[in-house]
Amino acid sequence: MKIGFIGLGNVGGKLAGSLVRNGLDVAVHDLDAALVGEFVARGAKAGGSPAQMMQDCDAVITCLPSPAASDAVVTEMLPHVQPGKIWMEMSTTDVEEVKRLGALVAERGGEAVDCPVSGGCHRADTGNISIYAGCERETFDRILPVLTTMGRRILHVGEIGNSSTLKVMTNYLANLNLLAVMEALTVMKACGMDLGMTYEAISMSSGTSFAHETESQLILSGSRDVNFTMDLVMKDIGLFQTLADRHDVPLELSPLMIEMMKDGQRRYGERAQSDRMIERLEEATGLSITAPGFPQELIDDEPEEPGHEVVVRRAAAE
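All of these numbers come straight from a predicted model, not from anything done at the bench.

Outline the pairing of strand 9 (residues 151-156), supporting the account with residue identities and numerical values.
The pairing of strand 8 (residues 129-133) with strand 9 spans five bridges and is parallel. Directly across from Ala133, in strand 9, lies its bridge partner His156. At this point the chain moves from strand 8, through helix 7 (residues 137-150), to the parallel strand 9, and the crossover so formed is right-handed.

Give a detailed account of the packing of aromatic side chains, specifying residues and quantitative values.
Applying the stated rule across the entire model yields two aromatic pairs. Aromatic side chains Tyr172 and Phe240 sit 4.1 Å apart centroid to centroid with 15 degrees between the ring planes, which places their arrangement in the stacked category. Residue Tyr172 is located in helix 8 (residues 162-190), and its partner Phe240 is located in helix 11 (residues 230-246); the two are separated by 68 residues in the primary sequence. For Phe240, a relative accessible area of 16% gives the class buried. Between the aromatic rings of Tyr199 and Phe294, the centroid separation amounts to 5.2 Å while the plane-to-plane angle is 70 degrees, which identifies the pairing as edge-to-face. Of this pair, Tyr199 sits in helix 9 (residues 195-203) while Phe294 sits in the loop between helix 13 (278-285) and strand 10 (308-309); the two residues are 95 residues apart in sequence, bridging distant segments of the chain. Accessibility assignment for this pair places Tyr199 and Phe294 in one class, buried. Here Arg42 stacks its cationic end above the ring of Phe39, 4.3 Å away from the centre of that ring.

Describe the UniProt feature "domain: 3-hydroxyisobutyrate dehydrogenase-like NAD-binding" (unreviewed entry) in the chain, with residues and values.
Per the UniProt record, "domain: 3-hydroxyisobutyrate dehydrogenase-like NAD-binding" (unreviewed entry) is annotated on residues 161-279. Along residues 161-279 one finds 71% helix and 0% strand; the C-alpha atoms at either end are 36 Å apart.

Requested: an account of the pattern of salt bridges, with residues and values cited.
Opposite charge on two side chains lets them pair, provided their charged atoms get close. In the structure shown here, the tally under the stated rule is 20 salt bridges. Note that Glu279 is salt-bridged to Arg224, the shortest N-O span being 3.9 Å. A residue pair is termed long-range when its members are at least 10 positions apart, and Glu279 in helix 13 and Arg224 in the loop between helix 10 (210-221) and helix 11 qualify at 55 residues. The same class applies to Glu279 as to Arg224, namely buried.

Outline the UniProt feature "domain: 6-phosphogluconate dehydrogenase NADP-binding" (unreviewed entry) in the chain, supporting the account with residue identities and numerical values.
Listed under "domain: 6-phosphogluconate dehydrogenase NADP-binding" (unreviewed entry) in the UniProt record, and renumbered for this structure, are residues 2-158. Across residues 2-158, the secondary structure splits into 43% helix and 24% strand, with the terminal C-alpha atoms separated by 25 Å.

How would you explain the sheet that holds strand 3 (residues 45-46) if you had to name every residue and give the values?
If you walk across this open sheet you meet the six strands as 3-2-1-4-5-6, and the pairing is parallel. Looking at which strands have only one partner, the edges of the open sheet turn out to be strand 3 and strand 6 (111-114). As paired strands, strand 5 (residues 86-89) and strand 6 are joined by four bridges and run parallel to one another. Note on strand 6: the bridge partner recorded for Trp87 is Ala112. Along the sheet, helix 5 (residues 95-107) contacts strand 5 and strand 6; its crossing angle with strand 5, the most-contacted strand, is approximately 170 degrees.

Got a sec to walk through the packing of helix 8 against helix 12 (residues 253-268)? Specific residues and values, please.
Look at helix 8 against helix 12: their axes get within 11 Å of each other, and the N-to-C directions meet at 70 degrees. Taken together, the axes of helix 8 and helix 12 are roughly perpendicular relative to one another. Like other packed secondary-structure pairs, helix 8 and helix 12 cross with a definite hand, here left-handed. Taken together, the residues of helix 12 that come into contact with helix 8 (itself represented by Tyr172, Asn175, Leu176, Leu179 and Glu183) are Leu253, Ser254, Met257 and Met260. In terms of residue class, the contact of helix 8 with helix 12 is built from six nonpolar, two polar and one charged.

Criteria and thresholds
- For every chain, the first residue of the written sequence is number 1, and numbering continues from 1 onward in sequence order.
- At least 70 in pLDDT is required for a residue's local features to be given in this predicted model, at least 80 for side-chain atom pairs to be given and counted, and no such filter applies to totals for whole chains, interfaces and linings, which use all residues.
- Excluding hydrogens and water, the side-chain values take into account all heavy atoms of the structure.
- Should DSSP find at least two bridges between two strands, the strands are regarded as paired.
- Numbered from the N terminus, helices here are DSSP runs of H or I no shorter than four residues, and strands are runs of E no shorter than two.
- Looking down the strands as they point away from the viewer, one classifies a crossover as right-handed if the path from the first strand across the helix to the second runs clockwise.
- Geometry of aromatic contacts follows a simple scheme: Phe, Tyr and Trp rings, the Trp one being its six-membered ring, pair when their centres are within 6.5 Å, and the pair is stacked under 30 degrees between planes, edge-to-face over 60, tilted otherwise.
- Burial here depends on accessible area, computed with a 1.4 Å probe over protein chains only, as a share of the maximum for the residue type. Under 20% is buried, over 50% is exposed, and the range in between is partly exposed.
- Criterion for a charge above a ring: Arg CZ or Lys NZ at most 6 Å from the ring centre, at most 35 degrees from the ring normal.
- UniProt positions are given in the numbering used here, feature names are shortened, and annotations may be inferred rather than shown by experiment.
- The term salt bridge refers to a pairing of a side-chain nitrogen on Lys or Arg with a carboxyl oxygen on Asp or Glu at a separation within 4 Å.
- Contacts between residues were defined by any pair of non-hydrogen atoms, one from each residue, lying within 4.5 Å.
- Each axis is a line fitted through C-alpha atoms, and for a helix only the stretch in contact is used; angles between axes span 0 to 180 degrees, taken between their N-to-C directions.
- An angle counts as roughly parallel when it lies under 35 degrees, as roughly antiparallel when it exceeds 145, as roughly perpendicular when it falls between 65 and 115, and as oblique in every other case.
- Helix crossings fall into two classes, left-handed where the near helix is turned counterclockwise from the far one by less than a right angle and right-handed where it is turned clockwise.
- The classification used treats Ala, Val, Leu, Ile, Met, Phe, Trp, Tyr, Cys and Pro as nonpolar, Asp, Glu, Lys and Arg as charged, and all other residues, Gly among them, as polar.

Set out below in structure tokens:
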């Protein structure tokens, strides 16, 4: 299968890197020509343009920063969609938008998949990230070898749009957990607790989370560089709030988190690293939420291994 990959940013570049590293036939495109050149040097082909890639490839993957960017790329590809062609959307995007674009692809006989990832840039870099895939089962079976090259755990979630719904939910939880961890660390520091010991106490407890086990390390080292910026957080939590509003769910934590992130952007810049939110608490208390021995960057220490489909638990048939 010939694969096109459009969008070589923080996440997309790492996902595309797994495809190239494992010997797949990959063409790439990005507005940054230097990124394309780097991938060509690693063995990929230059895709030329989204339109050209849809003509030349069996499946084209998009991993882009906004729904508007995905719309522009898919609009350019649409005239060249035909039966057998697949569009795979790996961006974090609005569920109604991915359904709309997927319907346009289907009208021309193509197949559409929303397959966003979850697990952090460090796991995207090693092919160990998790991937949701929303599409017809037949389409899922066709693309599964591609997905298992980029990720370790692959979950088929039913129709297109379901993945995007689940993805914004997981990002909402991750960011909520992160803000809670920041408050917890600050209170423990105020209580005189050793923060290295506090990190371990949380990690081994019922209060742990993925956000703590990863981003707390970058907070405590002083790095505060998780390779994920506040504008992207705002996009994700805004999409989750939109879901709640559409379904008349009266959330309380979500609006508060949005206001907190807006304050962080006002203080540190719209594209500041999301972990810099801890600095709001440091400024308010005069405390330094740091500890020795923690890494400046996250590295996935799990060995790369072929991915697999995650089987959903079901009640036994009667």
